[in-house]
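# Structural overview for review
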Amino acid sequence: MSTAPAPGPRDAKPDAPAGPRPKPRPALVFDDPLDQQSSDDTDRGWGERAPSAGSAADLARFLDEKPPHHI
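Residues numbered from 1 in each chain as written. Predicted model: local features only at pLDDT ≥ 70, side-chain atom pairs only at ≥ 80, totals over all residues. Heavy atoms only, no water.

## Section: the overall build of the chain
Our working definition: By definition, any uninterrupted DSSP run of H or I lasting at least four residues is a helix, any uninterrupted run of E lasting at least two residues is a strand, and each is numbered from the N terminus. Residue burial is assigned from relative accessible area. The probe radius is 1.4 Å, only protein chains are included, and a residue is buried under 20% of its type maximum, exposed over 50%, and partly exposed in between. For every accessible area listed, the method is Shrake-Rupley and the probe measures 1.4 Å; residues are considered covered only by the protein chains on display.
Scanning the chain from N- to C-terminus turns up one helix and zero strands. When the 71 residues of the chain are sorted by exposure, 0% land in the buried category. Total accessible area on the chain is roughly 7,800 Å²; 57% of this is exposed by carbon and sulfur atoms.

Structural data, given as structure tokens:
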């Protein structure tokens, strides 16, 4: 019996590029998440609209937010 490896295809040269490199995974961040402002911490996160100037915009907001029993 021979102790030589079986003949077959050889691996590519280790110095040759093997195609595009995979993207590195993002690093883990162990900061306190409560230090950052979330969308719920803002008026916009609660559904508030940006302040607008003009009585037409105020009327539109009033009509949009009027409860059904006030029609």
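From this point, things continue past the structure.
## Describing the pattern of salt bridges
Applicable threshold: Counted as salt bridges are all cases of a side-chain nitrogen of Lys or Arg within 4 Å of a carboxyl oxygen of Asp or Glu.
Applying the stated criterion across every chain, the model contains one salt bridge. Put simply, Glu65 and Arg61 hold a salt bridge, and the shortest N to O gap is 3.2 Å. Residue Glu65 and its partner Arg61 are located together in helix α1 (residues 55-65), separated by four residues, close to a single helical turn. Relative accessible area serves as the criterion here: at 46%, Glu65 is assigned to the partly exposed category.

## A few points about the environment of Asp40
The test is simple: Residue contacts follow a heavy-atom distance rule, with two residues in contact if any of their heavy atoms lie within 4.5 Å.
The residue Asp40 is located in the segment before α1 in this model. Those residues within four positions of Asp40 in sequence are excluded, and the remaining contacts are Gly45 and Trp46.

## Re a nonpolar patch on the surface
Here is the rule we go by: Think of a patch as exposed residues, more than 30% relative accessible area, with no salt bridge, where like charges cluster within 9 Å and nonpolar side chains (Val, Leu, Ile, Met, Phe, Trp, Tyr) cluster within 5 Å.
A cluster of nonpolar side chains, contributed by Leu59, Phe62 and Leu63, occupies part of the molecular surface with about 310 Å² of accessible area. Along the chain, Leu63 turns up in helix α1. Under the relative-accessibility criterion, Leu63 is labelled partly exposed at 47%.

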